[in-house]
Amino acid sequence: MNNDLFVAVVAALLAIISVMVAAGPWLAPYQLRSMVCIQNQYGKSAARGVWLIIALVSGCSALAIMSGFRPSYAAPQTEPSSTYSSMTSWSPMRRWSWLRY
């Protein structure tokens, strides 16, 4: 759960920063190569729209992560120690066992 919270906070921060870039007078993010290309081809309003789309996608993913929404194939394991025990049962040195002789 802590990992989910961390990822959700990072996504929410990205959404907040993207909204600030799109709405505010901050010009440095518009100097990114992809934003310069968008700006040259479609104009400044399109570049602001891209930042708003990034903010929307990041905000929606932050809400989905915080609410626990996930596809059925991505269900978290109930016991984190089972992951560790399965990792320790396989040894990467097993394939080099012939070197011991």
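The model shown is predicted, which means the values in this text are computed figures rather than measured ones. Position numbers for residues start from 1 in each chain and track the written sequence from start to end. In view of the model being predicted, local features appear only for residues whose pLDDT reaches at least 70, and side-chain atom pairs are presented and counted only at 80 or more, with totals across whole chains, interfaces and linings using the full set of residues. In computing side-chain values, all of the structure's heavy atoms are included and hydrogens and water are not.

Let us look at the overall build of the chain. Across its full length, the chain carries four helices and zero strands. When the elements of the chain are put in sequence order from the N terminus, they spell out α-α-α-α. Three labels apply to residues, based on accessible area from a 1.4 Å probe with only protein chains included: buried if under 20% of the type maximum, exposed if over 50%, partly exposed otherwise in between. Within the chain, the fraction of its 101 residues that count as buried is 16%. Residues are treated as being in contact if the distance between any of their heavy atoms lies within 4.5 Å. Within the chain, counting contacts between residues at least 6 apart in sequence, those at least 24 apart form 52% of the total. With the model as given, the accessible surface of the chain reaches about 8100 Å², and the carbon-plus-sulfur share is 69%. Helix and strand assignments come from DSSP, with helices taken as H or I runs of at least 4 residues and strands as E runs of at least 2, each series counted from the N terminus. Under the convention used here, a 1.4 Å probe and the Shrake-Rupley method define accessible areas, while residue burial counts only the protein chains that appear.

Its place among the elements puts serine 18 in helix 1 (residues 2-23). For serine 18, a relative accessible area of 0% translates into the label buried. There is a polar contact of 2.8 Å between the side chain of serine 18 and the backbone oxygen of leucine 14. Apart from the residues within four sequence positions on either side, serine 18 is in contact with Trp51, Ile54 and Ala55. We call two N or O atoms a polar contact when they sit within 3.5 Å, provided that within protein one can donate a hydrogen and the other can accept it, with sequence-adjacent residues counted only if both atoms are side-chain atoms.

Given a rise of 1.5 Å per residue, 22 residues ought to cover 32 Å, and the 31 Å separating the end C-alpha atoms of helix 1 matches this to within 8%. Taken together, the buried positions of helix 1 are occupied by Ala8, Ala11, Ala15, Ser18, Val21 and Ala22. Down the axis of helix 1, the sector holding all buried residues measures 150 degrees, keeping them to one side. With respect to the buried face of helix 1, the exposed residues turned more than 90 degrees away are Asn2, Phe6 and Met20. Next to the buried residues of helix 1 lie helix 3 (44-67). Helix span, expected: 1.5 Å multiplied by one less than the number of residues in the helix. Of all possible arcs, the one meant is that of the directions from the helix axis to the C-beta atoms.

Taking 1.5 Å of rise per residue, the 24 residues of helix 3 would be expected to cover 34 Å, and the 35 Å separating its terminal C-alpha atoms lies within 8% of that figure. Contacts from the buried residues of helix 3 go to helix 1 and helix 2 (33-42). At the exit of helix 3 stands glycine 68, carrying a positive phi of roughly 85 degrees.

This part is about the packing of aromatic side chains. In this scheme Phe, Tyr and Trp rings, the latter by its six-membered ring, pair at centre separations within 6.5 Å, and the angle between planes marks the pair as stacked below 30 degrees, edge-to-face above 60, and tilted otherwise. By the definition in use, this model includes zero aromatic pairs. Whether a charge sits over a ring depends on NZ of Lys or CZ of Arg being within 6 Å of the ring centre and within 35 degrees of the ring normal. The lysine or arginine in question, lysine 44, covers the ring of tyrosine 30, its NZ or CZ lying 4.1 Å from the ring centre.

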